[in-house]
Amino acid sequence: MRPLRPGQGTSEEYPGHVGPRLAVRFSPGLRGLSFPWVRLFSGSAALAFLVLGAASQRPAGPQFVDVTAKAGIAFKHGSGSPEKDYIFEAKGGGMGVLDYDNDGLLDLYFINGSTVEDLARGVIHPNALYHANGDGTYTDMTARAGVQGRGWGMGCAVGDYNNDGYPDIYVLGLTENVLYRNNGDGTFTDVTERAGLRDGHWSTSAAFLDYDRDGDLDVYVSHYSIPDTKLLPKRGENRYCHYRGVPVMCGPRGLPGVADSFYRNNGDGTFTDISEDAGLAMDAKYYGLGVAVGDYDNDGWTDLYVANDSCPSFLYHNEGNGKFKEVGFLAGAVLSDDGTEQAGMGVDFGDYDSDGWLDITKSNFSYDYNNLYHNEQNGTFTERSMTAGIAQITMPFVCWASKFMDYDNDGWRDIFVATGHVYPHLLANPVGGEKYYQRNLLFRNLGNGKFSEVGRESGPGLQVEKACRGAAFGDLDNDGDIDVITANLDDVPTVLRNDGGNTKNWLILRLNGVKSNRFGLGVRVKVTAGGLVQIGEASTASSIFVANDPRVHFGIGEAREADIEVNWPGDKVQTFRAVPANRILTIDQNQGLVSGDRYWEGPVIDD
């Protein structure tokens, strides 16, 4: 366990604060509580004591640097009118991180929106695919690759649905989705109609997963509402169209929800909608946003979590017989600690306390708090964001992407949260002190069940305030630490390079399935190093609106080697001993541990 280090406690500068940056603010739920330490000092002496103490005790950690301009990323997202008359204009801002040409470098794909007028006219505001050049810069290959998109894009999912070894792209949209098959030569082909994945509903996020362990990837698609401007109420028209007394876009409450869809891969390039047969056609039609996948009960079958806006979220347990069962209420993982519905946004599975069971992080709207659901190892979860030090900090922010990541490679999963408001009138009139542009949050895992928000000390890239939406994660420069890319509403994205995260040791694993799906999505990896046991699963889905690097990253602290166990669902367990640190490794389901040319293979233990 890592003890709380001096200076790791933080005090948050809440919106509306004027004066010295150091401030103490209490959320409504904390008012009335006694904090004796507040009375120990007062006036300038107290401020000097606290500032000097923080400056002298707080160690410098990894720094996130905005390298967007240097990288040559010129894409600018657009989404409707500046006033945001309709709720779908404030959503979107998705992207994908993928190595589309298998050169070992992560490329970037950004999803664009549109306007109500251009959508009706069929005008395309193109998406953008940037190819990594290997020197920190990128080249726009959108036109050559043929992935401009169409309609009004929202989110992105990535997976190799035909198991040819090349990642394919699924674009989620306001009125239709697009499936791009990777041709393996730097180009893509639109196969939406043949595959049966047009969908036709307002789709936000999606997840590729092999729910039946047949070796190919199926896809879950979350839906939000009906984006027909002829049916949607006008700004300020009813009680669901005001925010703090100001007329705003309507919804989500009062709007019709749309059931999500689940498509089974038929193995021949086509998909079949089996939502009802799989137990995923819920009578409750909510407003779906982020989707995450993971085996939360360690039974070997991939489960699903869907973050719903202003409604209870969904936790679907995979029964292992082709069906799912919604167990969220019984599991205690879909509401706030006091049983209140929340405006769920982004979501992720991850084992933050290294007990071998996946926990859940979920982000929510402002004047509410983000969730940290701890897995109790019996099918239930306990909400621990208050005691973990997360709830109070997140209260004033509109939180979107939420992701477990070990940014400093100390072996403990931290949490990154992307933020940004939805009501542009706050730019001129910050009612209640709320800000439209907000800074992103970084919660450092202290190794004792608690987190410290360290965004303000973690580099200039985290001081920038924007209206962020999606955030994708991966090691862009292959230096062993996780970089972050945020998709920003009506703005250029932000590429945040992690400088110094690799001062501690690490391993990155690329899985190559043979009997399983090619990228090994859903495969469980256990790493033991320095007395700490960690688990991780290969996945491109989590956060919101985005697709992440499928490689599995582990920070292993001061350890110079690690034991690795790879559990291929329904097949075998591979064990590799004393693997040297600081390497990007490929583990093949049949051949074992390889890295380019095969240099070492550990024993393979069949189940």
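Small disclaimer: the values here were computed from a predicted structure and weren't measured. (Residues numbered from 1 in each chain as written. Predicted model: local features only at pLDDT ≥ 70, side-chain atom pairs only at ≥ 80, totals over all residues. Heavy atoms only, no water.)

## Quick word on the nonpolar core
Keep this limit in mind: Among buried residues, those of type Ala, Val, Leu, Ile, Met, Phe, Trp, Tyr and Cys that are joined through side-chain atoms within 4.5 Å constitute a nonpolar core. Throughout, exposure labels follow a simple rule: accessible area from a 1.4 Å probe, protein chains only, divided by the maximum for the residue type, with under 20% read as buried, over 50% as exposed, and the rest as partly exposed. Strands here mean DSSP runs of E at least two residues long; helices mean DSSP runs of H or I at least four residues long; both are numbered from the N terminus. Boundary definitions for the domains trace back to an automatic or database domain assignment. Residue contacts follow a heavy-atom distance rule, with two residues in contact if any of their heavy atoms lie within 4.5 Å.
Counting residues in each nonpolar core, the largest one holds 65 residues, and the members touching the most others are Leu-108 and Phe-416. For this core, the secondary-structure elements that each account for two or more residues are strand 2 (95-98), strand 3 (107-110), strand 4 (128-132), strand 24 (399-405), strand 25 (414-419), strand 30 (468-474), strand 31 (483-488) and strand 32 (494-499). Examining the composition of this core, we find that 4 residues originate from one element, strand 30, more than from any other. In this structure, this core is formed jointly by two domains, domain 1 (63-506) and domain 2 (507-594), each of which donates at least three residues. Excluding its chain neighbours within four sequence positions, the residues that come into contact with Leu-108 are Ile-73, Met-95, Gly-96, Val-97, Ala-128, Leu-129, Tyr-130, Tyr-138, Leu-476, Ile-485 and Val-495. Among the nonpolar cores identified, the runner-up in size contains 39 residues, and Ala-206, Phe-208, Val-221 and Phe-271 belong to it.

## Some points on the sheet that holds strand 30
Threshold: The pairing criterion is simple: DSSP has to find at least two bridges between the two strands. Angular values range over 0 to 180 degrees, each being the angle between N-to-C directions of two axes fitted as lines to C-alpha atoms, with helices fitted over their stretch in contact.
The strand order 1-32-31-30 describes an open sheet built from 4 strands, whose pairing is antiparallel. Only two strands of the sheet have a single partner each, and these edge strands are strand 1 (63-66) and strand 30. Shown here is a sheet whose adjacent strand axes are inclined to one another by a mean of 25°, direction ignored. Here strand 31 pairs with strand 32 via 3 bridges, running antiparallel. Bridge pairing in strand 32 links Ile-485 to Val-495.

## Brief notes about empty space enclosed by the protein
Our working definition: Using protein atoms alone on a 1 Å grid, points that fit a 1.4 Å probe yet trap it form a cavity, whereas open point sets bounded by protein on both sides within 12 Å along at least five of seven lines form a pocket; residues with an atom within 4 Å of a point count as lining. Grid points are joined across faces, edges and corners, and a volume is the space filled by probe spheres set on the points. We call Asp, Glu, Lys and Arg charged. Ala, Val, Leu, Ile, Met, Phe, Trp, Tyr, Cys and Pro are nonpolar, and the rest, Gly among them, are polar.
Here the structure, examined in full by the defined rule, presents 6 cavities of 30 Å³ or more. Size it by volume and the largest cavity reaches roughly 440 Å³. Along the walls of the largest cavity sit 30 residues, with Lys-403, Phe-404, Arg-413, Glu-537 and Arg-551 positioned nearest its centre. Classifying every residue of the lining of the largest cavity gives 13 nonpolar, 8 polar and 9 charged. No fewer than three residues from each of domain 1 (63-506) and domain 2 (507-594) sit in the lining of the largest cavity.

## Brief notes about the environment of Ser-542
Here is the rule: Side-chain atoms alone can form a polar contact between residues adjacent in sequence; in general such a contact is a pair of N or O atoms within 3.5 Å, and within protein one must be able to donate a hydrogen while the other accepts it.
The topology assignment puts Ser-542 in the loop between strand 35 (532-537) and strand 36 (546-547). Distance from Ser-542 to Ala-472, taken between C-alpha atoms, is 8.9 Å for residues 70 residues apart in sequence. Residues within four places of Ser-542 in sequence aside, it is in contact with Val-291, Ala-292, Val-347, Asp-348, Lys-403 and Asn-548. At 3.3 Å, the side chain of Ser-542 and the side chain of Lys-403 are in polar contact.

## What about the layout of surface pockets?
What the second largest pocket holds in volume is close to 480 Å³. The wall of the second largest pocket is formed by 26 residues, among which Pro-252, Ser-310, Ala-343, Phe-365 and Tyr-423 lie closest to the centre. Counted by class, the lining of the second largest pocket contains 15 nonpolar, 5 polar and 6 charged residues.

## Some remarks on the pattern of salt bridges
Close approach of charged atoms allows side chains with opposite charge to pair. Here is the rule: Any Lys or Arg side-chain nitrogen located within 4 Å of an Asp or Glu carboxyl oxygen qualifies as a salt bridge.
By the definition in use, this model includes 21 salt bridges. The partner of Glu-434 in a salt bridge is Arg-244, and the shortest N-O contact between them spans 3.0 Å. With a gap of 190 residues between them, Glu-434 in the loop between strand 25 and strand 26 (438-439) and Arg-244 in the loop between strand 12 (242-243) and strand 13 (246-247) connect regions that are remote in the sequence. Here Asp-563 ties to Arg-577 by a salt bridge, and the two come within 3.7 Å at their closest N and O atoms. Taken together, the residues Asp-563 in strand 38 (residues 561-567) and Arg-577 in strand 39 (residues 572-580) connect sequence positions 14 residues apart. According to the relative accessible area criterion, Arg-577 is exposed, its value standing at 51%. Residues participating in the shared-partner salt-bridge network are Arg-150, Glu-176, Asp-190, Glu-193 and Arg-198.

## Focus: the pairing of strand 7 (residues 168-173)
The buried fraction of strand 7 amounts to 6 of the 6 residues, a majority that puts the element mostly inside the structure. Side chains of strand 7 alternate between two faces, with Asp-168, Tyr-170 and Leu-172 and Ile-169, Val-171 and Gly-173 buried alike. For strand 6 (residues 153-159) and strand 7, the ladder comprises 6 bridges, and the chain directions are antiparallel. In the strand pairing of strand 7, Ala-157 is matched with Tyr-170. Counted along the chain from strand 7 to the antiparallel partner strand 8 (residues 178-182), the turn is 4 residues long.

## Some thoughts on the environment of Gly-151
Note that Gly-151 resides in the loop between helix 4 (142-145) and strand 6. In this structure the C-alpha to C-alpha distance between Gly-151 and Val-178, which are 27 residues apart in sequence, comes to 9.5 Å.

## Quick word on the state of the cysteines
For clarity, the threshold we go by: Disulfides are defined as pairs of cysteine sulfur atoms found within 2.5 Å of each other.
Enumeration according to the criterion identifies 1 disulfide in this entry. A sulfur-sulfur distance of 1.9 Å marks the disulfide that ties Cys-241 to Cys-250. Residues Cys-241 and Cys-250 are joined by a disulfide whose S-S torsion is about 110°; by sign, that bridge is right-handed. Each member of the pair Cys-241 and Cys-250 is classed as buried.

## Topic: the confidence of the model for the protein chain
Basically, it comes down to this: The predictor reports its confidence for every residue as pLDDT, a score running from 0 up to 100.
Across the protein chain, the average pLDDT comes to 89, with 88% of residues at 70 or higher. For the stretch residues 1-59, pLDDT sits under 50, and the model shows 71 contacts to residues farther than four places along the chain or on other chains. The model gives residues 596-607 a pLDDT under 50, and that stretch makes 29 contacts with residues more than four places away or in other chains.

## Some remarks on the side chain of Asp-359
Where we set the bar: We count Lys and Arg on the positive side and Asp and Glu on the negative side, and we leave His and both chain ends out.
As for its position among the elements, Asp-359 is in strand 21 (residues 359-362). Summary of buried charges: Asp-359 has no salt-bridge partner, and the nearest side chain of opposite charge, Arg-384, is 7.5 Å away. At 2.8 Å, the side chain of Asp-359 forms a polar contact with the backbone nitrogen of Asn-375. The contact partners of Asp-359, leaving out residues within four places of it in the chain, are Asp-348, Phe-349, Gly-350, Asp-351, Tyr-352, Asp-353, Tyr-373, His-374, Asn-375, Phe-381 and Phe-404.

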